Amino acid sequence: MIPLRDTTRSRNYPAVNTALIAANGLLFLVQLAQGPQQDAFIYTYGLVPARYSVPHVAAYFTSFQQALALLSFMFLHGGFWHLLGNMWSLYIFGDNVEDRLGPFRYLLFYLLCGWASGLFHLFLNWQSPVPTIGASGAIAGVMGAYLLLYPRSKILTLIPIFFIPYFIEIPAFFFLGLWFLFQFLGAAGSSAQGGGIAWWAHVGGFVAGILLVKVLERVPQTGLSGRMREATQRSWTPRLQVAQLHDAPGDPHLYGTLAVAPKEALLGTRKLLNAKWGFRSRVLRVTVPPGLGQGTVLRLAGLGKQLPDGRKGDLLLKVLIQDM
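Basis of the calculations
Residues numbered from 1 in each chain as written. Predicted model: local features only at pLDDT ≥ 70, side-chain atom pairs only at ≥ 80, totals over all residues. Heavy atoms only, no water. Helix = DSSP H or I, 4+ residues; strand = E, 2+ residues; numbered from the N terminus. Contact = heavy atoms within 4.5 Å. Polar contact = N/O pair within 3.5 Å; in protein donor to acceptor, adjacent residues only side chain to side chain. Pairing = 2+ DSSP bridges. Axes fitted to C-alpha atoms, helices over the stretch in contact; angles between N-to-C directions.

## Structural notes on the environment of Asp 247
By the secondary structure assignment, Asp 247 is in the loop between strand 4 (240-244) and strand 5 (254-260). The spacing of Asp 247 and Thr 8 is 239 residues in sequence and 26 Å in space, taken between C-alpha atoms. If we skip the residues at most four places from it in the chain, Asp 247 touches His 253, Leu 254, Trp 277 and Lys 305. Reaching out from Asp 247, the side chain makes a polar contact with the side chain of Lys 305 at a distance of 3.4 Å.

## Some remarks on the sheet that holds strand 6 (residues 269-277)
If you trace the 3 strands from one edge of the open sheet to the other, you get 4-6-7, paired in mixed fashion. Two strands lie at the open edges of the sheet, namely strand 4 and strand 7 (280-288), each paired on one side alone. Taking the axes of each pair of neighbouring strands and ignoring which way they run, one obtains an average angle of 30 degrees across the sheet.

## Notes on the environment of Trp 81
Mapped onto the secondary structure, Trp 81 falls in helix 6 (residues 80-101). Residues Trp 81 and His 202 lie 121 residues apart in sequence; the distance between their C-alpha atoms is 17 Å.

Shape descriptors only; they carry no functional weight alone.
Here is the structure:
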């Protein structure tokens, strides 16, 4: 199962979330630039529990390096796929949490979740010489916050079946609850001093996210945060949308809806529509011409039901203009 996006639209462009994704990508390039010295780089800026618990190991690092590693470890990654998986999860869930908290509280929340996940891993693997790196713990916190804030949201998920893309919307509480269960089972079955996935960091970050999001929601926002919200307000709807089609007995046509923003209705746009009718599903490219009004119906000829004589009805999409 490959999560594509959630169905809860954020009202503002996620400036901080995007900056965090960019920072992780940039520092991954810095990491790769170390070449043969990359292992030493990771050991210096990754989170190594033994550096804080074994005196003769700690002696090799300055106090600044010891403090910096508690931040830098969450911006390093073990490889391209590690980075891609983390950043994709952050892209899907982070915008909504930033939308709720605002940019500055969200940045603080993200860093606190990362620190909490690191400390959780540190104390449960107190003398481990294995470095831990990655944004997984901080992102687990974002996912925990999302579960608490948007439990009724849906996660649009791609399931390839024999090379045929099938899209399904999975409730967020089920998707994220199942994810947390796998992390907990992985942590319970892992060796305390072993390498590999830092399961306990994921568990700690997820729990921290649930606890911290409610605390930070009570922290007053600054005037600058309000101005940033105004500047980053969205003016478009998601490119990929899902439409549950319906029909009527004896009617050859299928009916559905397509959401666009006022700016898109004025200037025109293109959308990908996952049209679902019963157990059938297909992805359509829909061109929205400029100058449409609320309730305008787009007719997609020949995409309706098939008649006994071989002819096909049309797909009729009602345009819904949504204020952002």
